[in-house]
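# Structural description and commentary
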Amino acid sequence: MSRFVNHLVLLKLTVEHGFPNQPSALAYDPKLQLMAIGTKSGAIKIYGAPGVEMTGLHKDTAAVTQIHFLYGQVRMLSLLDDNTIHLWEIVQRENRSHLVELHSFNLPGRPGIESTSATRVTCLVLSSVCRFSESSEYAELKLAICNVIPLFSVPEEYKCGKSLGPVESLQEHPQDSDKILIGYSRGLVVLWDLNSRHVVNLFLGKQQLESLVWERSGNSFVSSHSDGGYMVWAVSSSNPCTHDPISSTIPYGPFPCKAVNKILWRTTQSGAPLVLFSGGMPRASYGDRHCLTILQDSSHVTLDFTSRVIDFFTIHCTDKEKEFDDPSALVVLLEEELVVIDLQMAGWPTVPAPYLAPLHSSAITCSCHISNVPPKLWERVISAGQQQCPLQNYENWPICGGKNLAPDPKQKELLLTGHEDGTVRFWDASGVSLKPLYKLSTASIFQTDCDHNDSLMQAGEEEWPPFRKVGCFDPYSDDPRLGIQKISVCKYSGKLVVAGTAGQVIVMVLSDEKSDHMIDVATVDLLQDREGFTWKGHDRLPPKSGSVVFAPGFQPVVLVQCMPPAAVTAVTLHAEWNLIAFGTSHGFGLFDYHRRNPVLARCTLHPNDSLAMEGPLSRVKSLKKSLRQSFRRIRKSRVSGKKRAVVQEANAQLAEHDAEVTPVQRRIEPRSADDSLSGVVRCLCFADTFLRDGTHHGPTMWAGTNSGSVYAYALDVPSQEKFSEQSVEALLGKEIQLMHRAPVVSIAVLDGRGNPLPEPYEVSRDLAKAPDMQGSHSVLITSEEQFKVFMLPKVSAKTKFKLTAHEGCRVRKVALSNFTSVSSEEYSENALVCLTNLGDIHVFSVPALRPQVRYDCIRKEDISGIASCVFTKTGQGFYLISPSEYERFSLSARVITEPLCRVDVERPHDLSTSLSKRVAGYILLWITDRLAFVNVTLSNLISVFHLCCN
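Along each chain, numbering runs from 1 in the same order as the chain's sequence is written. Two thresholds apply to this predicted model, a pLDDT of at least 70 for residue-level local features and 80 or more for giving and counting side-chain atom pairs, whereas whole-chain, interface and lining totals are computed over all residues. Hydrogens and waters are ignored; side-chain quantities use all the structure's heavy atoms.

Looking up the protein chain in an unreviewed UniProt entry gives the name LLGL scribble cell polarity complex component 1, with the organism given as Cyprinus carpio.

### Observations concerning the overall build of the protein chain
Helix and strand counts for the protein chain stand at eight helices and 64 strands. Buried means the residue's accessible area, taken with a 1.4 Å probe over protein chains only, is under 20% of the maximum for its type, while exposed means over 50%, and partly exposed covers the values in between. With 950 residues in all, the protein chain has 54% of them scored as buried. Note on definitions: a residue-residue contact is assigned when non-hydrogen atoms from the two residues lie within 4.5 Å. Pairs at least 24 apart in sequence give 60% of the contacts found in the protein chain among residues at least 6 apart. For accessible areas, the Shrake-Rupley method is used with a probe of radius 1.4 Å. Any residue's cover is judged against the shown protein chains and nothing else. Entry remark: accessible area of the protein chain is about 43300 Å², with carbon and sulfur atoms responsible for 49%. Every helix listed is a DSSP run of H or I at least four residues long, and every strand listed is a run of E at least two residues long, numbered separately from the N terminus.

### Side note on the pattern of salt bridges
A pair is scored as a salt bridge if a Lys or Arg side-chain nitrogen falls within 4 Å of a carboxyl oxygen belonging to Asp or Glu. Tallying each qualifying case throughout the model produces 25 salt bridges. One salt bridge in this structure joins Arg596 and Asp520, with 2.9 Å as the shortest N-O distance. Of this pair, Arg596 sits in the loop between strand E45 (587-592) and strand E46 (597-603) while Asp520 sits in strand E40 (residues 520-525), placing them 76 residues apart in sequence. Arg596 gets classed as partly exposed once you look at its relative accessible area, which sits at 34%. Judged by relative accessible area, which is 36%, Asp520 ranks as partly exposed. A salt bridge links Arg854 to Asp856; its shortest N-O distance comes to 2.7 Å. Among the charged side chains, a network of salt bridges with common partners joins Lys12, Arg96 and Glu898.

### Details of the environment of Ile863
Inspection of the secondary structure puts Ile863 in helix H7 (residues 863-868). Classification of Ile863 by relative accessible area gives exposed; the value is 63%. When the C-alpha atoms of Ile863 and Gly839 are compared, they prove to be 8.6 Å apart, with 24 residues separating the residues in sequence.

### Here we look at the sheet that holds strand E57 (residues 840-845)
A strand pair is defined by DSSP finding two or more bridges across the two strands. Spatial strand order, E55-E56-E57-E58: four strands in an open sheet with antiparallel pairing. Across the chains shown, the open sheet's two edge strands, defined by having one partner strand only, are strand E55 (811-820) and strand E58 (851-856). In this sheet, adjacent strand axes meet at a mean angle of 20° when their direction is disregarded. Relative to E58, E57 is paired through five bridges, and the arrangement is antiparallel. Across the sheet, Asp840 pairs through a bridge with Asp856, a residue of E58. Under this scheme, a helix contributes an axis fitted over its contacting stretch, all axes are lines through C-alpha atoms, and angles between N-to-C directions fall in the 0 to 180 degree range.

### Some details on the pairing of strand E53 (residues 786-791)
Across the six residues that make up E53, a large majority, six, are buried. Both faces of E53 are covered, namely the face carrying Gln786, Lys788 and Phe790 and the face carrying Phe787, Val789 and Met791. With five bridges connecting them, strand E52 (residues 778-783) and E53 associate as antiparallel partners. Within the sheet, the bridge partner assigned to Ser778 lies in E53 and is Met791. Here E52 hands over to E53 after two residues, the two strands then running antiparallel side by side. Where E53 and strand E54 (residues 796-802) come together, six bridges link them in antiparallel fashion. Counted as the bridge partner of Lys788 is Lys800 from E54.

### Observations regarding the sheet that holds strand E44 (residues 579-583)
As summarised here, the arrangement of the four strands in space is E43-E44-E45-E46, forming an open sheet in which the pairing is antiparallel. Of all strands in the sheet, those with a lone pairing partner are strand E43 (570-574) and E46, marking the two edges. Strand-to-strand twist of the sheet, defined as the mean angle between neighbouring strand axes without regard to direction, takes the value 10°. As judged from the five bridges shared by E43 and E44, these two strands associate in the antiparallel manner. Considered in E44, the bridge of Leu573 is made with Ile580.

### Topic: the side chain of Ser169
Residue position: Ser169 is located in strand E13 (residues 167-172). By relative accessible area, Ser169 is classed as buried at 5%. Counting of polar contacts relies on pairs of N or O atoms within 3.5 Å, with two restrictions inside protein: one atom must be capable of donating a hydrogen and the other of accepting it, and residues adjacent in sequence are counted only when both atoms are side-chain atoms. Only 3.2 Å separates the side chain of Ser169 from the side chain of Gln171, close enough to count as a polar contact. Residues within four places of Ser169 in sequence aside, it is in contact with Cys123, Leu181, Ile182, Gly183, Ser211 and Leu212.

### A short note on the packing of aromatic side chains
Here a Phe, Tyr or Trp ring, Trp counted by its six-membered ring, pairs with any other such ring whose centre lies within 6.5 Å, and the pair is stacked when the planes are under 30 degrees apart, edge-to-face when over 60, and tilted otherwise. Taken as a whole and judged by the stated rule, the model has 22 aromatic pairs. Geometrically, the ring pair formed by Tyr230 and Phe277 is tilted, given 6.0 Å between the ring centres and 45° between the ring planes. Of the two residues, Tyr230 sits in strand E19 (residues 230-234) while Phe277 sits in strand E23 (residues 274-279), which places them 47 residues apart along the sequence. Across the pair, Phe277 and Tyr230 agree in class, each one buried.

### Side note on the confidence of the model for the protein chain
The predictor attaches a confidence to each residue, and that confidence, scored 0 to 100, is pLDDT. Taken residue by residue, the protein chain gives an average pLDDT of 84. The fraction at 70 or more is 81%. Considering only residues more than four positions removed or in separate chains, one finds that residues 908-922, a stretch of pLDDT under 50, has 46 contacts.

### Comments concerning unusual backbone geometry
Excluding glycine, most residues fall at negative phi; most peptide bonds, likewise, are trans. With omega at 0°, the peptide bond leading from Met563 into Pro564 counts as cis. Residue Pro847 is reached from Val846 by a cis peptide bond, and omega for that bond is 5°. Along the chain, the position of Pro847 falls in the loop between E57 and E58. You will see that Gln22, though not glycine, has its phi angle at about 55°, which is positive. Mapping Gln22 onto the fold places it in the loop between strand E1 (9-18) and strand E2 (23-29). With phi around 75°, Tyr761 is a residue other than glycine that occupies positive phi space. Mapped onto the secondary structure, Tyr761 falls in the loop between strand E51 (744-750) and E52. Tyr761 sits in the buried class, given a relative accessible area of 14%.

### A few points about the environment of Ser298
Residue position: Ser298 is located in the loop between strand E24 (290-296) and strand E25 (299-305). Ser298 sits in the exposed class, given a relative accessible area of 69%. For the pair Ser298 and Ala272, spaced 26 residues apart in sequence, the C-alpha to C-alpha distance is 9.5 Å.

### Digging into helix H3 (residues 375-388)
Helical geometry note: an α-helix holds 3.6 residues per turn, so side chains three or four residues apart project in the same direction. One less than the number of residues in a helix, times 1.5 Å, gives the span that helix is expected to have. Here H3 spans 20 Å end to end across 14 residues, near enough to the 20 Å set by a 1.5 Å rise per residue. Leu377, Trp378, Val381, Ala384 and Gly385 are the residues of H3 that are buried. Down the axis, H3 shows its buried residues gathered within 130° of arc, on one side only. Summarising the geometry of H3, the exposed residues directed more than 90 degrees from the buried face are Pro375, Lys376 and Glu379. Those residues of H3 that are buried lie in contact with strand E32 (414-419), strand E33 (423-428), strand E34 (435-441), strand E38 (504-511) and strand E42 (553-563). The arc under discussion is defined with respect to the helix axis, by the directions toward the C-beta atoms.

### Observations regarding the side chain of Glu337
Within the fold, Glu337 resides in the loop between strand E27 (329-334) and strand E28 (338-342). Just so you know, the count uses Lys and Arg for positive and Asp and Glu for negative, and it drops His and the chain ends. Buried and without a salt bridge, Glu337 has Arg425 as its closest oppositely charged side chain, separated by 9.1 Å. Separated by 3.3 Å, the side chain of Glu337 and the backbone nitrogen of Phe473 make a polar contact. In this view, Glu337 contacts Phe19, Thr306, Val332, Pro358, Gly471, Cys472 and Phe473; residues no more than four positions away in its chain are not counted.

### Brief notes about the environment of Trp192
By secondary structure assignment, the location of Trp192 is in strand E15 (residues 188-193). Given a relative accessible area of 2%, Trp192 falls into the buried group. Taking the C-alpha atoms as reference, Trp192 lies 7.3 Å from Ile182; in sequence the two are 10 residues apart.

Take a look at the structure:
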């Protein structure tokens, strides 16, 4: 066991794929070309070039409200909504970069006021210029808290009533770092000199202020307001008190508009400034839209998003010696996705992102992983994706800081996700960045209201505002019946099977050419004319009649409709035999997609399975019945427990003297045969093995149900030359009933050496060793309670492990994985990997079923995470930590996919060791109605905040 654990298995959480859940803050360092995103759960994620990713997590779960990079210093400050500030640094360890929190502090408030709202920090700005000192005077920290605006310098109308309101914006002067612009909520804007501590200019705005931004030269600035407008103000030393702006514009007026939350003003060589702002939509007509407007001269585009705008920034020239900003890209952080706009190309197109893809553009309903993808399949999928999105070129990605040190992956990996809207998305899971490759939609096969609604929307849209739909997040499904439930792929033949919520099973083939053809439709009745059952759920999805045009990629060849149209619960494909098997809550079927011919249909319903006929929307009715059955089991357990108590007490003393003590096992109550949904088919598999006798092997199909039943069929499959002439026949060979009727989670056939059987085409194409057909085969049946190995063809029990009895947990996910040794690539072992309902992972040897190691992986309260987990054949796994993020983990000590990157920065001195030469700067914090001006050495912020508190 020690060799197995040390050299083969080691649990490690490696990387988070997808889009951060509930983002709340955004920052960018133009020198390092790094972007930071903060979330409401307290996480901070750093992104640079593809493969450059780092994650930090605050100790307390508080929302990150602001992030500020210390320009070019691989440091940043984060402000949380609990009024704490945190200093982070990117450090080098083991030749790679890591994000580390150095210090955290509670920020000071106004003396005598205990209220959190009164002491809440609303704004924070860092100096853009750092000074290096040869003396040690900066070790002595200076703090000045001063009244920013003397009352006599404020006009009378600003003194009466309430205060000036909270500070909405602090902006450093672009040419003079000793001056800052302070904007109050009520509309007053002040230019403040930090050295002389006096007001340079007053700007008396009359509208509620939302944000401020400087023009590059510092001769003017722009303010945005709650009435949907923005104003341009001139800064002049000859006019210390300005009453009116140069210009005032409400772009979408004259009717009432929503607030312009943030505005940017960028100068260009063409002369006309580029204006970008969020919000400002007409309140009555488009008040519910999430928009960002881009204006330049006569060009006007209103970017229309499907989720709220969190923040945005432009990538532009920051060299003060240059005359113009000349922005090259706009980066918009939305609540559900990241959108980047190319500002240099005509029309301002969208730039495809190599990471941060919104996995949840439609809710994820299932997933499937493909290891060691053949080069031919990979190239064809890439080609199909590029024809869908010709601009899918990541070389022009503007956020390109850091270096990706990870070597090129030895093999290609695909992650397929099924979605609620009927799409299947293909992702490149070979490395740290999960890149979108190709999207397959099944909605075009069926008659839905989607096309009709789209035409109405296009016809009803007005020319003003000039909306442009941007982004791919679309949480709304045209029809819930389109949802993908199961996926099965043959990576060698390019065949794909997707199964949906309304009993639809679609067989698809990868094609490099556009096609216009009719879809063959076949219906399989799983009830087999059984009397007394009436389907009360949703109707089937009607397929389109006539020819349908399909783009290059996966194209449907046949649609198999299960009746009743219940959700498909299991599906498998054997491309070498041209067979698919599928199961629902009513039974399972076998279909020959080459001859378009149903081979088998078996009903698995129990006479009391009325719940299976009601569909997913009627299951609330069974609550009383489920509770009643649960209480009956509890009472039965208590009664039998009292009867056993006397016997246990009598045998207690004898057990103490036993030389070998048997491990304590929990008593497992058998499940009732009439439990609801006992006929649900949980798993299906094909195998070439011995079922009829011990001398002749052949094709078989296995099915496992929710009631612990296993059905094994011997198949008569004609040779490839006779596929079109002869039909496939199926004969029931074995039927197994597990004693406790626990649901069957998985079925796998092992060869004479105890190894899993190879995939279809692997042996015929010399891609894998032929299985051992000389020794006795066995079948590994996994239920929710135990693992059990039966010898074939007699189906006699060989060995078992009672997981529930020993560990008190139930099996949720299981897979056979191959683990390669760290010391030698030539040595590997197969193992059974199991995820339980408690979120822990168990690894067992195969076929002996000896426990090897156990790890805590997922929180037991995270039910969706456990349900979404998928294992790979190389010992890795994925599970959803939020609707938009996969956590990737590795059980293999050798196969690990994790960020390996470095961010280099030139530092004249080592700040962590040198006290006499330190980087100094200032931090400005707005707290209530006072400004905290802190002249600090960033390596010793502790003293700063102790001074503040005193």
